Amino acid sequence: MKTTSTRTARRASALGPGLVVLGAVLALVAFLSITQGSRSIGLGEVLAALGSMHGDGTITSTVTLDLRVPRTLLGVLVGAALGVAGAVLQGVTRNPLADAGIMGVNAGAAAFVVLAVTVLGVRGVGVSVWFAFAGAIVAIVLVYAVASMGREGATPVKLALAGAAATAGFGSVTTGIVMTNIDALNELRFWQVGSLAGRYAPVLLGVAPFLVVALVVALGFGRALNGLALGEDTARGLGLRVARTRAAAFVVVAVLAGAATAACGPIVFVGLVVPHVARFLCGPDYRWVLPYSMLLGPVVLLLADVLGRVAGAPGELQVGVVLGVLGAPAFIGIVRRGRLSEV
Amino acid sequence: MRVWRSVLAVAALGVALAGCGAEAPSSGGAAPEASGPWSFTSGSGEVVTAERVPTRIIAHAGEAAALMSFGIRPVGIYADEAVTTDPNLKDLDLSGIEILGEEWGKIDVEKAASLRPDLIVGDWWPAEKAYSGLEEGVDEKSKKLAELAPVVGVSQGKSIVELAEGYEDLAESLGAKVDDPRIAANKQRFEESVARFKEAVAAKPGLTVLAMSPADDMVYVANPEYAPELLDLQSWGLQVINPDSPDPGFPYWENLSWENADKYQPDLILWDGRSFTPTANAEWGAKQPTWFQISAAGAGAVAAWPAYWLHTYGHFATELDKLSEAVTAANADIGT
């Protein structure tokens, strides 16, 4: 017993500094994201543009300040949101394969985007972002409400089933509209590939408040998720209000995943894989899994984005495509290591 | 905003256009007399024959417009967009003609069958080895159209003029009187437009143009080699810039990230006509921080380019006149 507790204590004492190291890694990746891209700009010019902090009308300063800085900040926020949302969902549903996608978030957002086009004639990323957000929230609320019916409340199995049903339902709405309305198809085509490109300050400023608040709130869920991880009965025995905790966690996930999906389209693998990597680094304690996921998410997302920008020059590969290609082998690797059982 | 239309157009046309740029059309008409046995050498090289001259024709949008310009009226038309907006069809009287589809890749074959067609007409795309409406990627159900009647079409090649001539041959084989004075008048108008265009271009030595289609996550630069109308413009003296690294898997365009939007600096931007509006330039300038870094965009030097749809002398003449005006109004010192 003594050795175990000493090891745990030692390990815990390393987690704080580990978080700092991870923060430094994120800063480095963010620096890469601002200095590297599909256009090659000298480091000196980038730093000069950053130093002046206001555009001087040259292409290098426009690219740096108006394209890369907002893109990087959006990547940090969205990556953090996806990582944390995935961790919270995996904890609250005790489903190691949970991510926002299985709760119908992407399907709901897509359905609302095409509805906005057909019913309201709305076009363009600046407006459709709000419809996507609303669709994601509606999907999660619907899934949670359906799963909550019945005496035992929103159990993980019922949540997964309701999520699958909602995904199918929204999916058929989307398909039905897209089949008959070419403008809706056009809108969806761009939105359907997760990307950080083409979204500038307005989109960033629009979703940032939601994401920042939800991230701060989410960090406070560590202890409750630890309780839920022990099983409902034990959690109840420990004095946790299971139903209320679960509902609160879902609100947070809805905001995080909804805003992230709205801003960038469906981005796969970050929400699924990042919490597993976090657990691999820091163990199963959610008080650490959440902040680790929050830093790992943007590291993964920005690295994939930089890769797609450099590899795709003079065009770009969308980050959703890069993650799809790289994420699958990474996920198989995780499964093969058997880390999934530790949720 | 019709922001996404060009993205779709890029993708949809990509499939549709995956063939142009190979051999020049080699079609030629036969049997000038109606009613007797009929044959036509299609763009595919196949000689299609029939016991009598086809009269119940189903045609794809632009091809239908081409036939109608010679007085051959199809019984059914399938288009890639609403016939009220399709540039080939919007100004035509389509009363009495069944509309069998208004979206790329979707044809109502059941309705088509009820028309009892004896000929299907669609452009032949050499690299795809397929006719318009029957390409890779369309609805499997749509492809059954080919089972209703023989399919013929002129090959999409290096010039709209050759395409128009090919359809003149086809129309003639179908019994059209191609010496009708109105047809001659259209051709005459086209010749005059070409002459005016050459003159306008000659008056602007050093003028360079770039054919572009901006989209929300990328800027697309057209590769003239796969756009017959741009090849025509080049052959008449206009310096249409050839992008140096078209997408290898999709050579109709070079893809530029918005960071690289200013890679080329033309004096005049030819804007994909499917997404062009009079306010488009201002809108894109407000939306995309680097759009106005293209000097021509900043100076408002933009004009619509009839992208990938021309089939007739008449349409080409009208579009050429607009382009001549744009060239005349252009300033050859904007770009570099």
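Predicted model, so just to flag it, every value in this text is computed and none were measured.

Draft legend 1. Molecular detail of the overall build of chain A. A tally of regular secondary structure across chain A gives 14 helices and zero strands. When its helices and strands are written in sequence order, chain A yields α-α-α-α-α-α-α-α-α-α-α-α-α-α. A compact globule built from 343 residues should have a C-alpha radius of gyration of about 20 Å, and chain A, at 21 Å, falls within 12% of that. Principal axes of the C-alpha set define a box for chain A whose edges measure 65 × 55 × 35 Å. Residues classed as buried in chain A amount to 53% of the 343 residues present. For chain A, restricting intrachain contacts to residue pairs at least 6 apart in sequence, the fraction spanning at least 24 positions comes to 76%. When the accessible area of chain A is evaluated, it comes to approximately 14200 Å², of which 70% is carbon and sulfur surface. Once the 24 positive and 13 negative side-chain charges of chain A are each reduced to a mean point, those two points are 12 Å apart.

Draft legend 2. Just the domain arrangement of chain B, in detail. Residue and element names in this part refer to chain B. Domains assigned within chain B are domain 1 (24–178) and domain 2 (197–329). Inter-centroid distance (C-alpha atoms) of domain 1 to domain 2 is 29 Å. With 20 residues of domain 1 in contact, the opposing surface of domain 2 contributes 13 residues. At the boundary of domain 1 with domain 2, total buried surface from both sides reaches about 1400 Å², with 62% on carbon and sulfur atoms. When the area that domain 1 buries against domain 2 is broken down by residue, the three leading residues are N88, K158 and I160, summing to 40%. At the surface where domain 1 touches domain 2, the tally comes to zero salt bridges.

Draft legend 3. Expanded view of a nonpolar patch on the surface. All names here are of chain A. A surface patch of nonpolar side chains, amounting to about 420 Å² of accessible area, comprises L307, L317, V321, V325 and L326. Among the elements that make up the nonpolar patch, the one with the highest residue count is helix 14 (residues 319–337) (three residues). Mapping V321 onto the fold places it in helix 14. Exposure remark for V321: the relative accessible area of 37% places this residue in the partly exposed category.

Draft legend 4. Representation of the pattern of salt bridges in the model. Within this structure, the stated rule accounts for 21 salt bridges over all chains. Ionic pairing is found between A:D285 and A:R287, a salt bridge with its closest N-O pair at 2.9 Å. On the accessibility criterion, A:R287 (44% relative accessible area) is partly exposed. For B:D180, the salt bridge is made with B:R182, and the minimal N-O distance between the two is 3.4 Å. Taking relative accessible area as the criterion, B:R182 reaches 65% and is therefore assigned exposed. One connected set of salt bridges, linked through shared partners, spans A:R68, A:R71, A:D305, A:R309, A:E316 and B:E259.

Draft legend 5. Fine view of the layout of surface pockets. Residues and elements named next belong to chain B. The calculated volume of the largest pocket comes to roughly 850 Å³. When contributions to the lining of the largest pocket are tallied by element, the ones reaching two or more residues are helix 2 (61–69), helix 5 (181–202), strand 15 (302–305) and helix 9 (313–329). Residue contributions to the lining of the largest pocket peak at seven residues, all from helix 9. When the residues that make up the lining of the largest pocket are grouped by side-chain class, the tally is 14 nonpolar, ten polar and eleven charged.

Draft legend 6. Spotlight on the sheet that holds strand 9 (residues 151–152) of chain B. Residue and element names in this part refer to chain B. Read from one edge of the open sheet, five strands run 5-4-3-6-9, paired in parallel fashion. The sheet is open, and its two borders are formed by strand 5 (98–102) and strand 9, each paired with just one other strand. The pairing of strand 3 (residues 57–60) with strand 6 (residues 119–121) spans three bridges and is parallel. Within strand 6, the position partnered with A59 by the bridge is V121. In this fold helix 2 packs onto strand 3, strand 4 (76–79) and strand 6, with an angle of close to 120° to the strand it touches most, strand 3.

Draft legend 7. Structural context of helix 9 of chain B. All names here are of chain B. An ideal rise of 1.5 Å per residue puts 24 Å on 17 residues; helix 9 measures up with 24 Å between its terminal C-alpha atoms. Restricting attention to buried positions, one finds in helix 9 the residues Y313, G314, H315, F316, A317, E319, L320, L323, S324, A326 and V327. Tucked inside the fold, the buried residues of helix 9 contact helix 4 (160–173), helix 5, helix 6 (228–235), strand 14 (268–272) and strand 15.

Draft legend 8. Examining the pairing of strand 4 of chain B more closely. All names here are of chain B. On strand 4, burial covers both faces: G76 and Y78 on one face and I77 and A79 on the other are all buried. One ladder, built from three bridges, connects strand 3 with strand 4; its direction is parallel. Pairing of I58 across the sheet is with G76, part of strand 4. Viewed along the sheet, the connection from strand 3 through helix 2 into strand 4 turns out right-handed.

Draft legend 9. Spotlight on the nonpolar core. Residues B:L67, B:L233, B:L270 and B:W291 are the most contacted members of the largest nonpolar core, which totals 99 residues. Shared between two domains, this core holds at least three residues of each, these being domain 1 (24–178) and domain 2 (197–329) of chain B. Dropping the residues within four chain positions of it, B:W291 is found in contact with B:M212, B:P214, B:V219, B:W258, B:I269, B:W271, B:N281, B:W284, B:G285 and B:A297. Of all hydrophobic cores here, the second largest spans 95 residues; its members include A:L22, A:A30, A:W191 and A:V252.

How each quantity is defined
- Within each chain, residue numbers correspond to sequence positions counted from 1 in written order.
- Chains carry letters and ligands carry numbers; both start at the beginning, A for chains and 1 for ligands, and go up in the order they are written.
- With the structure being a predicted model, the display of local features is reserved for residues of pLDDT at least 70 and the display and counting of side-chain atom pairs for 80 or more, all residues being used for whole-chain, interface and lining totals.
- Side-chain figures throughout are based on the complete set of non-hydrogen atoms in the structure, without hydrogens or water.
- Labels follow the DSSP assignment, with helices taken as runs of H or I lasting at least four residues and strands as runs of E lasting at least two, numbered in each case from the N terminus.
- Atoms counted for the radius of gyration: C-alpha only. Globule rule: 2.2 Å times the number of residues to the power 0.38.
- Each residue is placed in one exposure class: buried if its accessible area under a 1.4 Å probe, protein chains only, is under 20% of its type's maximum, exposed if it is over 50%, and partly exposed if it falls in between.
- The criterion used for residue contact is that any of the two residues' heavy atoms lie within 4.5 Å.
- Values of accessible area rely on a 1.4 Å probe in the Shrake-Rupley scheme; residue burial ignores everything except the protein chains shown.
- The charge count treats Lys and Arg as positive and Asp and Glu as negative. His and the chain ends do not count.
- To locate a charge, take atom NZ for lysine, CZ for arginine, CG for aspartate or CD for glutamate.
- These domain boundaries are the output of an automatic or database domain assignment.
- Here the quantity called buried area is the accessible surface, traced with a 1.4 Å probe, that two parts lose on coming together, added over both.
- Salt bridges are defined as contacts in which a side-chain nitrogen from Lys or Arg sits within 4 Å of a carboxyl oxygen from Asp or Glu.
- Candidate patch residues must exceed 30% relative accessible area and have no salt bridge, after which like charges are joined if within 9 Å and Val, Leu, Ile, Met, Phe, Trp or Tyr side chains if within 5 Å.
- Cavity and pocket criteria rest on a 1 Å grid covering protein atoms alone: a 1.4 Å probe that fits but cannot get out defines a cavity, protein on both sides within 12 Å along at least 5 of 7 lines defines an open pocket, and an atom within 4 Å of a point defines a lining residue.
- Grid points are joined across faces, edges and corners, and a volume is the space filled by probe spheres set on the points.
- Gly counts as polar in this scheme, as do all residues outside two lists: the nonpolar Ala, Val, Leu, Ile, Met, Phe, Trp, Tyr, Cys and Pro, and the charged Asp, Glu, Lys and Arg.
- A pair of strands is considered paired only if DSSP assigns at least 2 bridges between the two.
- For every element, the axis is a line fit to its C-alpha atoms; helices are fit only across the contacting stretch, and the angle between N-to-C directions ranges from 0 to 180 degrees.
- Any helix carries an expected span of 1.5 Å times its number of residues minus one.
- Orient the strands so they point away from the viewer, and a crossover whose first-strand-to-second-strand path over the helix runs clockwise is right-handed.
- We call a set of buried residues a nonpolar core when its members are Ala, Val, Leu, Ile, Met, Phe, Trp, Tyr or Cys and they connect through side-chain atoms within 4.5 Å of each other.

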